[in-house]
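Listed below are the residues making up each chain.
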Amino acid sequence: MMAASNSRMKILRTFLITIVGCSVADARIGETAIQFADRYGSPKDTPAAKVMDKNFPLVQGAIHHSYEYQGWKIRAAFLQLDGPAVRMDFQKDRPIAPITDYELQTIASANTPTGMSWQKIVYDNVDSPNKGLAKVSEAVLRGAAGQKMWRRSDGAILWLRSNLIVRLDLPMARDYEKQLKLNKEQKDRASVPSF
């Protein structure tokens, strides 16, 4: 009886992984907006999504699109209209629905090109102003709160944010943000009058 129950549980788990795999495996970091539209139809750029993109952009100054697919919301940021998605967020459609380990694995697998792999890394928010010991403390606290990170062999980052959002980004998103920050600093310095 116990063996039959375990067998049923394995079959159910395999079925769930397959269903989840079909639902979230299609969106891949680095694909174009046209490829996203082919897969999901037109973006769901509602007024609420536009407010979210303006107030909480995935990448400042990027083109943002939101998609809904089989119980998931997918936000993507593109630096150019015909360019690749450089940052994406996956979130369940239901409020405060945690992302399970097998859903995270499905997203990671779908975003692993042939010949590449993910390696777990210590939590590191590049936007954090903390340095030294404060940065280490932040990593420990965030890790305890469920924030986990992986780096792909090409430098892409996979970030589980409080078990509610999975963020993927390419190195070009971080490079673009560094350049924006540098340009702003140069502009600010140039605006200081000569006293």
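Residues numbered from 1 in each chain as written. Predicted model: local features only at pLDDT ≥ 70, side-chain atom pairs only at ≥ 80, totals over all residues. Heavy atoms only, no water.

Another aspect to go through is the pairing of strand β5 (residues 148-152). On any regular strand, side chains alternate: one points to one face of the sheet, the next to the other face. In terms of strand pairing, strand β4 (residues 118-121) meets β5 through four bridges, oriented antiparallel. Note that in β5 the partner of Lys120 across the bridge is Trp150. Direction of pairing for β5 relative to strand β6 (residues 157-161): antiparallel, over a ladder of four bridges. Of the residues in β6, the one forming a bridge with Arg151 is Ile157. (Pairing = 2+ DSSP bridges. Helix = DSSP H or I, 4+ residues; strand = E, 2+ residues; numbered from the N terminus.)

Counting residues in hydrophobic clusters, the biggest one holds 25 residues, and the most contacted among them are Phe36, Met88, Phe90, Leu158 and Val166. Contributing elements (two or more residues each) for this core: α2 (33-40), β1 (63-69), β2 (72-78), β3 (85-92), α4 (101-110), β6 and β7 (165-169). A per-element tally of this core places β2 first, with four residues. Residues Leu58, Ala62, Ala77 and Val86 belong to the second largest nonpolar core, which totals six residues. (Core = buried A, V, L, I, M, F, W, Y, C linked by side-chain atoms within 4.5 Å. Buried < 20%, exposed > 50% of the residue type's maximum accessible area, 1.4 Å probe, protein only.)

Under the criterion given, the structure shown has two aromatic pairs. Ring plane angle 35° and centroid distance 5.2 Å describe the contact between Phe36 and Tyr67, whose orientation is recorded as tilted. Taken together, the residues span a long stretch of sequence, with Phe36 in helix α2 and Tyr67 in strand β1 at a distance of 31 residues. Tyr67 matches Phe36 in its accessibility class, with the two residues each being buried. Ring geometry for Phe36 and Phe78: centres 5.6 Å apart, planes at 85°, overall edge-to-face. Residue Phe36 is located in helix α2, and its partner Phe78 is located in strand β2; the two are separated by 42 residues in the primary sequence. What links up through ring pairs into an aromatic cluster is the set Phe36, Tyr67 and Phe78. Note that Arg161 overlies the ring of Trp159, its terminal NZ or CZ placed 4.6 Å from the centroid. (Phe/Tyr/Trp six-rings, centres within 6.5 Å; stacked < 30°, edge-to-face > 60°. Lys NZ or Arg CZ within 6 Å of the ring centre and 35° of its normal.)

Turning next to unusual backbone geometry. Positive phi, normally seen in glycine, also occurs at Ser162, with a value near 55°. Among the secondary structure elements, Ser162 is positioned in the loop between β6 and β7. Of note, the phi angle at Asn163 is positive, near 60°, even though the residue is not glycine. Position of Asn163 relative to the elements: it lies in the loop between β6 and β7.

Below, the discussion takes up the side chain of Ser66. Mapped onto the elements, Ser66 comes out in strand β1. Setting aside residues up to four positions removed in sequence, Ser66 forms contacts with Pro43, Lys44, Asp45, Ala49, Ile74 and Arg75. (Contact = heavy atoms within 4.5 Å.)

In spatial order, the strands read β1-β2-β3-β7-β6-β5-β4; together these seven strands make up an open sheet with antiparallel pairing. Among the strands making up the open sheet, the edge pair consists of β1 and β4. Strand-to-strand twist in this sheet, taken as the mean axis angle between neighbours without regard to direction, amounts to 20°. Pairing analysis gives seven bridges linking β2 to β3, with the strands arranged antiparallel. Pairing of Ala77 across the sheet is with Arg87, part of β3. Against the sheet, α4 engages β2, β3, β4, β5, β6 and β7, with an angle of about 160° to β6. Across the sheet, helix α6 (residues 171-190) touches β3, β6 and β7, and the angle it forms with β3 is around 110°. (Axes fitted to C-alpha atoms, helices over the stretch in contact; angles between N-to-C directions.)

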